[in-house]
Structures are given as C-alpha cells and as structure tokens.
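Structural characterization, general
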Amino acid sequence: LPETIEGLVAASEVESAEVGELRTLATVHPVLARPFVDVDLAALRDAGLLGEAPMQAAEGAEVVRSRLGVEPVPGVWLAGATWGDESAQQAVALDIDRAVVPPTAVGDGTTDQNVPTGPVLLGDEDGPLAMVSDPGLAEHLLSDEGVIAAHRFLAELTILWLEAPAVSRGVVVRLPPAGSVDPTVVGTALAGLADGQAVRSVPLTDVFADVPPPSDGPTTLSLAPHRPSDLDDVAAEIRLLRSQVSGVGSLLADPEAGAVVDHSLLLATGADTAERDRARYVDHAAAGLQQVSGAVTLPEAFRITLTARSSTIPVNLTNNLDRNVAVRVE
C-alpha cells in the first residue's frame, strides 16, 4: 500500500533499502493504482464521505509516482474478505471495472468452493470483472516447509495445466498483508515460473486481457453479504476539516503541513483502521490544520470612532510563518 511506502520513507532519514528495491522492481513490473489505505466504499457512501475515495486514489497514485518513479495502472480493485454489491457498484462508478476478490467475497462466502480459472462477472451485467484468488496456492507460499513448499506450489499449478493443456486459463495468488513470507520460498516459486513451459507468471492486467471466461464453470458470480464499517462517529468532523482545508489550500502546499492533515484524514477512513484510532487521526489532522490556519492572526476585537466620512483604520496582521504569504481580508 502507498501508506506503507510512506511509512518506510518517514522511518529513515535517507531512502530505505526497501523503497529502493521497490523502485527497481517497478521499472519492470506494473504497479497497480491503490488508495492510500484500503477503504470500504460502501462505508464511505453510508457516511456521506464518498468524496474521500477520489482523494484516497489521488494520494495513492502520487506516492507511487514520487517514491517509485512510475505511473500506476488504474482500474483494478483488491477486495478484502467481503466486498458486497454496494461496494462493487461504487467501484464501477469510479471507473474501476476489474477486481481481485477472495472466495469468501463471492457465492456462499466459503473458502472451499471451486476457484474459477478465468475472469467472471460479479453481480449483474453492469458489475466488474473479477479474478477469484486461490487461497490454497497462497498457503503453500506461507507455509514453514521451506523450498519444498515452493515446489508443491509449482506442482499444483502443473497439475492444473495438465487437466486441459490446450485451454488458456489463469489463476491469481494473493498473499495476505499479515502473512509471514519467506523470500527464498517465493523466489524459488517465481524462478520456476520463469521458463513458461507449462505455466508462467504474467502481470495481473494480462490475465484480464488475455484469459477467456471459464469454460468449465460459472461465468457470473454473486457477491456474498458485506457489513460496511461504521464511520458515523467521525464523518461530520472529517467533512468540516475538509471544508477548512479548502480555505487554506495555498498554505497546505507546504509538504509537511499538507501531509499531516491529508494523511491523517485518509487514515481515519481506512478499512483496517481500528475504531479507537479513527478519532485520534481526526484530532491529529485538526491539530495540523490549526497550525496552518493560525499562520496569520488578527488583533483582538476593538472599537473605533469615525469622525469624518473617510478615515484610515489601522489593522495589524501578524504572520507567524517563516515565509511571506498572500492574505485576502474580507
């Protein structure tokens, strides 16, 4: 996630080795456009905060451009354990027409159902195309069996190919963010896919473009029920802070001031942000905004008596910043 990249940058006075390696990989592998943090689109809509979604997308893309030096590939959503019809519809409205979902997000919401080997339509004809990720294959790469697990991963893929070698099929393996990954295991698995004799690794976007719908299973799947997060406790204050941000936008061009406010507000609506932390992020954003909005102060209220039709009224403005600013007085 872009927020993770920013965290790696912030934790190091110089560029971290991890970010440097990511930048190198980004030159040869496409980077999907992601929101700054994962969000629940249905929850944003229910709370009247759907305007946060474009801001999440814009900041996520900017992190990829500035930190990795590449343009992210738009239009693909990575869903959580459940997604739901409302979130899928909101995604399509935001020009996100492809998705990767786990088995728990479709059908009866269980992980023991067959995983389609091609893109399927979610919901009705207006829904997004989706690849259902294969948790069984992911488990091989997360096991503690070392390189043996990588070879089992390759063997299972080869068996899948042998079942119908003349049919073009695809599977998506998504490693969970909290999973413990052994680089040697994943590296061995990727090296085994490099020759492309039976199976090969391709960018996710190529799967959607080149792999036909499944020939031996359903081409349309319903979405399992989804319970949106509750953002009502912070929604009103987030809307207020956003309106105040627009009033001091020129000052927020300052990178540090802008990051404090914007990133804190984006984190407040994150799908994985703990409920107890949402208000803390909002308070942090409010404190950062106060530093900026209080940059120029007026004198305390005072009375003045005019003794003529025209006169000069002295009003002293105090600039609390260390640089010049343009001020409009109304």
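Scroll up to find the structure this text is about.
Here the structure is a predicted model, which is why all the values come from computation and not from measurement.

**Here's the deal with the overall build of the chain**
Of regular secondary structure, the chain possesses 12 helices and seven strands. The C-alpha atoms of the chain give a radius of gyration of 25 Å, which is well past the 20 Å a tight globule of 330 residues would have. When the backbone C-alpha atoms are referred to their principal axes, the chain occupies close to 100 × 45 × 35 Å. For the chain, with 330 residues in total, the buried portion stands at 37%. Carbon and sulfur atoms provide 53% of the accessible area of the chain, an area that totals close to 18,900 Å². Distance between charge centres in the chain, computed from 20 positive and 47 negative side chains, equals 8 Å.

**Observations concerning the pattern of salt bridges**
Under the criterion given, the structure shown has 12 salt bridges. R67 is the partner of E6 in a salt bridge, and the nearest nitrogen-oxygen pair spans 2.6 Å. With E6 in helix α1 (residues 2-10) and R67 in helix α4 (residues 52-68), the pair connects residues that are 61 residues apart, well separated along the chain. Between R280 and D277 there is a salt bridge; the shortest N-O distance is 3.1 Å. Taken together, the residues R280 and D277, both in helix α12 (residues 275-293) and three residues apart, mark about one turn of the helix.

**Considering the sheet that holds strand β2 (residues 98-101)**
One open sheet accounts for five strands, arranged β1-β2-β4-β3-β5; its pairing is mixed. Of all strands in the sheet, those bounded by a partner on one side alone are β1 (76-78) and β5 (220-221). Examined bridge by bridge, strand β3 (residues 120-122) and strand β4 (residues 129-132) share two bridges and lie antiparallel to one another. Looking at the pairing, L121 lines up with L129 of β4.

**So, unusual backbone geometry**
One non-glycine residue, D95, lies in the positive phi region at around 65°. Here D95 is to be found in the loop between α5 (85-93) and β2.

**Concerning α4**
Between its first and last C-alpha, α4 extends 24 Å over 17 residues, near the 24 Å set by a 1.5 Å rise per residue. Looking only at α4, the buried set comprises E52, A53, Q56, E59, G60, A61, V63, V64 and L68. Taken from the residues just after α4, G69 is the one with a positive phi, measuring 75°.

**With respect to the packing of helix α7 (residues 147-163) against helix α8 (residues 183-193)**
Two measures define how a pair of helices packs: the angle their axes make with one another and the distance between the axes. Look at α7 against α8: their axes get within 8 Å of each other, and the N-to-C directions meet at 35°. Where α7 crosses over α8, the two elements pack in a sense that is right-handed. Here V147, A149, A150, H151, F153, L154 and L157 of α7 come into contact with α8, specifically with T184, V185, T188, A189, G192 and L193. Within the contact of α7 with α8, the residues separate by chemical class into nine nonpolar, four polar and no charged.

**Some remarks on a nonpolar patch on the surface**
A cluster of nonpolar residues, L298, F302, I304, L306, I313, V315, L317, V327 and V329, forms a patch on the protein surface that exposes about 830 Å² of accessible area. By relative accessible area, V329 is classed as exposed at 62%.

**Some remarks on the nonpolar core**
Judged by nonpolar contacts, the single largest core of 35 residues is most densely connected at W77, W83, V101 and L122. Contributing elements (two or more residues each) for this core: α3 (41-46), α5, β2, β3, β4, α10 (232-247), α11 (255-268) and α12. It is α10 that contributes the most residues to this core, five residues altogether. If we skip the residues at most four places from it in the chain, W77 touches P35, V39, L41, W83, I96, R98, A99 and V100. In this structure, V19, V31, V37 and V64 belong to the second largest nonpolar core, which totals 12 residues.

Thresholds, definitions, all that
- Residues numbered from 1 in each chain as written.
- Predicted model: local features only at pLDDT ≥ 70, side-chain atom pairs only at ≥ 80, totals over all residues.
- Heavy atoms only, no water.
- Helix = DSSP H or I, 4+ residues; strand = E, 2+ residues; numbered from the N terminus.
- Rg over C-alpha atoms; globule rule 2.2 N^0.38 Å.
- Buried < 20%, exposed > 50% of the residue type's maximum accessible area, 1.4 Å probe, protein only.
- Areas by Shrake-Rupley, 256 points an atom, 1.4 Å probe, with all protein chains shown as cover.
- Lys, Arg positive; Asp, Glu negative; His and termini not counted.
- Charge placed at Lys NZ, Arg CZ, Asp CG, Glu CD.
- Salt bridge = Lys/Arg side-chain N within 4 Å of Asp/Glu carboxyl O.
- Pairing = 2+ DSSP bridges.
- Expected span 1.5 Å × (residues − 1).
- Axes fitted to C-alpha atoms, helices over the stretch in contact; angles between N-to-C directions.
- Left-handed = near helix turned anticlockwise from the far one by under 90°.
- Contact = heavy atoms within 4.5 Å.
- Nonpolar A, V, L, I, M, F, W, Y, C, P; charged D, E, K, R; others polar.
- Patch = residues over 30% accessible without salt bridge, like charges linked within 9 Å, V, L, I, M, F, W, Y side chains within 5 Å.
- Core = buried A, V, L, I, M, F, W, Y, C linked by side-chain atoms within 4.5 Å.

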